[in-house]
Amino acid sequence: MHPLVELTHVEKHYGDLHVLKDINLKVDKGEVLVVVGPSGSGKSTMCRTINRLETIDSGDIRIDGKPLPQEGKELANLRAEVGMVFQSFNLFANKTILENVTLAPIKVRHMNKKEAEDLAMDLLARVGVDSQANKMPSQLSGGQQQRVAIARALAMRPKVMLFDEPTSALDPEMVNEVLDVMVELAHEGMTMICVTHEMGFARKVANRVVFMADGRILEQSSPDEFFENPQTDRAKDFLSKILTH
Amino acid sequence: MMESFLMLFAQYDIPRAFLVNIELTLWSALFSMVLGTVLVMMRISPISSLRTVAGGYVEFFKNMPLTIIMVFMVLGAFGQLKLSFSDTFATNFFWLAVTGLSLYTAAFVCESLRSGINTVPLGQAEAARALGLGFMQSATEIILPQAFRGSVAPLGNTLIALLKNSTVAAAASVSTETSSLMSEMIEYHPDVIVSIFMIFAFGYVILIIPIGMLTTYLSNKLAVRR
């Protein structure tokens, strides 16, 4: 049984900056992984390499046993299987909420319009924004937009969902509505890789917490283990800074 | 003064000359829009040879005086290379002028659209790619629709420049358009030269002001809300 997502000896540079250093990571089906670490530690970059929004210099990334293809049709097919939620929502500004969710099922999965709309309305209802279906993204609050973005990704029935700091751009009172949706997804058995600063979320639903600093994975352990008994000084220092209040 | 205007309007079909320029403009706007869109898609495509070709095209035509292109259309494309649209001289020269104007204006349409593409946040393309949409699907569904709406103002300016540039069609032997007619009128009525200039100057101002107003209006109305 191979892992659903597997990164082996992944290296990446931005010019002189070595942003990913020998990253090795395995994520099993149904696992919820939370990636934490100081900013600039490479967590977002790592997350983005998994659907090749960032290319890597060397190493190997496999989704469901298959290596990540180069550009082209094959890569597009792979991306369709990996849902992604961005920090800045990135809803299509020229499409309604409903169209945002139906676009990829229609264009990529060749679903017919009616079927796609039914699916979209189901998903929008699940994330609690079905009443906004005919509005434009700019008419929604940040929290609502992010929930739509999650529904949009789910409409492709992905094998794994990547969350790249999904609550970092939200007003504090909207963070929970998005986290609630993510918690629900985790309970339903979705495989998730979440880059986040929400430690409460990590404690509550993560199977494993991955701690990154300076482009390296320094620790991987259960949330209890990580929060109560961090092994490295870097992690202790990080936790002392964020958990003091 | 009034008398000279009346005399000139009676003797020459001035509106018809303007109509020729409007026709040149509309056809060239259509073709340059199509070609400019193709060029801008090439410029943002993942294939580097297409980007190079489109970049080269834009640099070439953007930096080439229009008169040279128009004269080339007649003496080079038609005279030497035997490119002909019609056996009727006037029709042939009209379409040669449209070709020259379109090739030239397409470079500016491409640049206008590219400025529009720069108004589309990178995240829009990333979200499209992350969902599995290919380059053409992302371009036609997400990027270009927003880019068009973000480039109404520069496209309007390009259209205004095109209408004024259509007078260079005289260099491509389109003898019925405004600048040809103006030269003819000046030749026969040098005594009312100021009136003649005023007719054509105001003619263009009257045509162009509404275009500017319309593009300003559309630019606000169509702006993508983010």
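Presented here is an overview of the structure given in this document.

Rules of the game
Residues numbered from 1 in each chain as written. Chains lettered and ligands numbered in written order. Predicted model: local features only at pLDDT ≥ 70, side-chain atom pairs only at ≥ 80, totals over all residues. Heavy atoms only, no water. Patch = residues over 30% accessible without salt bridge, like charges linked within 9 Å, V, L, I, M, F, W, Y side chains within 5 Å. Areas by Shrake-Rupley, 256 points an atom, 1.4 Å probe, with all protein chains shown as cover. Salt bridge = Lys/Arg side-chain N within 4 Å of Asp/Glu carboxyl O. Helix = DSSP H or I, 4+ residues; strand = E, 2+ residues; numbered from the N terminus. Contact = heavy atoms within 4.5 Å. Buried area = accessible area lost by both parts, 1.4 Å probe. Polar contact = N/O pair within 3.5 Å; in protein donor to acceptor, adjacent residues only side chain to side chain. Nonpolar A, V, L, I, M, F, W, Y, C, P; charged D, E, K, R; others polar. Core = buried A, V, L, I, M, F, W, Y, C linked by side-chain atoms within 4.5 Å. Buried < 20%, exposed > 50% of the residue type's maximum accessible area, 1.4 Å probe, protein only.

**Thoughts on a nonpolar patch on the surface**
Okay, step 1: A contiguous nonpolar surface patch, about 430 Å² in accessible area, is contributed by Trp27, Leu30, Phe31, Val34 and Val38 of chain B.
Okay, step 2: Residue placement: Leu30 of chain B occurs in helix 2 (residues 14-44).

**Comments concerning the interface of chain A and chain B**
Okay, step 1: Opposite the 24 residues of chain A that make contact, chain B presents 19 residues.
Okay, step 2: Taken over both partners, the interface formed by chain A and chain B buries close to 1,900 Å², and the fraction arising from carbon and sulfur atoms is 58%.
Okay, step 3: On inspection of chain A and its partner chain B, the count reaches three salt bridges.
Okay, step 4: For Lys95 of chain A, the salt bridge identified is with Glu141 of chain B, shortest N-O distance 2.7 Å.
Okay, step 5: Joining chain A to chain B, the criterion identifies nine residue pairs in polar contact (both at pLDDT 80 or more).
Okay, step 6: Its residues assigned to classes, the side of chain A that touches chain B shows 14 nonpolar, four polar and six charged.

**Points about the nonpolar core**
Okay, step 1: Within the largest apolar cluster, 81 residues are counted, with the highest numbers of intra-cluster contacts made by Val5, Leu7, Met46 and Ile193 of chain A.
Okay, step 2: When residues of this core are assigned to their parent elements, the largest contribution, 13 residues, is made by helix 5 (residues 89-117) of chain B.
Okay, step 3: Counting 52 residues, the second-largest nonpolar core is a separate cluster that includes Val101, Leu123, Met161 and Met174 of chain A.

No statement about biological role is implied by the geometric values presented.
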